[in-house]
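So you can see what is in the structure, the chains are spelled out below.
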Amino acid sequence: MDKRAFENIVENEVKISVSIDGAEETNDAIRGMGAYAAAVSTIKRFSRKKLLNCLVYTFANAGLATNANVDDMRHVLDLAHRYDARWVVFHGFIPYSKETKTLKVDLTPQQYEWVCNQLYDLTFEYKGKPEINVYIPFYARVAKQRGMPDFDSWYNNFFLGRCFFGKFMSIAENGDAIPCSYNDVYRIGNVKDKSLNQIWADMQNSEFFAKVKDKNNIKGKCGVCEYRELCGGCRSAALFYTGDVLGSDPRCAYVPHSLRRKQ
């Protein structure tokens, strides 16, 4: 974050997010030495300008280190409170490829189940100072099971973790439009050749994207889960773990009722 970049952001009053994955030791084990100090410096600078929107915490295992623990989660929540960030977004790890080394960084299904329940508790402990949002599809199932107050409003108006594959559009570095910020396998068109409106229309009229967006087409465990309409898993995670964009999201530990053995 050099001086010119900082001044441009301030001049244009751009609200920013800062990625930080725990206290210094944990964060630097995941992101590299010095990453924590750089993140906190940026947090302080933009807080003074009232432009700090949120902190983003991505769960990961890095060798012997993991930030799937309450101490690191609290540390970032406390930073957000101290520097007036609007909220903290706790993000599941979404791979960009099927590379084995990359996939090993992800949490286990049991770790995900544990952190989702911890985040539910922390949401009520912090009482909006800051707000906690969770970018994990099956957190919706956990929130439903735990009795989230006014669940429908929370789910429809606040929750970020629903899979938006094909319902959302990002622009890649070369101008290609992609259907998800975490999946550049599927590229729809390029802004150098078509308008955004035309690319969006092409995606909405695509037979492929219509099929992926329809949760009736999801396969495996996710396809028979009673929480399918609330969750349905992450299509990018399914693609890189199973090779099938319509496959199940293997990060979820929940076993649907239809697959449980009869007692």
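Note: the structure precedes this text.
Residues numbered from 1 in each chain as written. Predicted model: local features only at pLDDT ≥ 70, side-chain atom pairs only at ≥ 80, totals over all residues. Heavy atoms only, no water.

**Q** I tried to follow helix 3 (residues 35–48) on my own but got confused; where do I start?
**A** An α-helical turn contains 3.6 residues, so any two residues separated by three or four positions project in the same direction. Between its first and last C-alpha, helix 3 extends 20 Å over 14 residues, near the 20 Å set by a 1.5 Å rise per residue. Contacts from the buried residues of helix 3 go to helix 1 (3–11), strand 1 (16–19), helix 2 (24–31), strand 2 (52–58) and helix 4 (70–82). Lys50 occupies a position one or two residues after helix 3 and carries a positive phi of about 65°. (Helix = DSSP H or I, 4+ residues; strand = E, 2+ residues; numbered from the N terminus. Expected span 1.5 Å × (residues − 1). Contact = heavy atoms within 4.5 Å.)

**Q** Can you help me understand the pairing of strand 5 (residues 87–91) in this one?
**A** On any regular strand, side chains alternate: one points to one face of the sheet, the next to the other face. Within strand 5, five of the five residues are buried, which leaves the element mostly enclosed by the surrounding structure. What you see with strand 5 is no split at all: Trp87, Val89 and His91 on one side and Val88 and Phe90 on the other are buried throughout. As defined by bridge partners, strand 2 adjoins strand 5 across five bridges and the pair is classed as parallel. Opposite Leu55, over in strand 5, you have Val88 as the bridge partner. Pairing between strand 5 and strand 6 (residues 131–135): five bridges, direction parallel. When the bridges of strand 6 are listed, His91 appears paired with Tyr135. (Buried < 20%, exposed > 50% of the residue type's maximum accessible area, 1.4 Å probe, protein only. Pairing = 2+ DSSP bridges.)

**Q** How should the sheet that holds strand 2 be read in this particular structure?
**A** The strands making up a sheet are joined through hydrogen bonds of the backbone, oriented either antiparallel or parallel. If you walk across this open sheet you meet the four strands as 1-2-5-6, and the pairing is parallel. Every interior strand has two partners, whereas the edge strands, strand 1 and strand 6, have only one. Here the strands of the sheet are splayed against their neighbours by 25° on average, with no regard to which way each runs. (Axes fitted to C-alpha atoms, helices over the stretch in contact; angles between N-to-C directions.)

**Q** I keep staring at the packing of aromatic side chains and nothing clicks. Help me out?
**A** Aromatic rings in a pair are described by how distant their centres are and how their planes are angled relative to each other. Under the counting rule described, the total for this entry stands at 20 aromatic pairs. With a centroid separation of 5.8 Å and an interplanar angle of 35°, the aromatic rings of Phe165 and Phe209 are classed as tilted. One end of the pair, Phe165, is in the loop between helix 8 (151–157) and strand 7 (170–171); the other, Phe209, is in helix 10 (residues 207–213), and 44 residues separate them in sequence. The buried category is assigned to Phe165, whose relative accessible area is 3%. For Phe209, a relative accessible area of 6% puts it in the buried group. (Phe/Tyr/Trp six-rings, centres within 6.5 Å; stacked < 30°, edge-to-face > 60°.)

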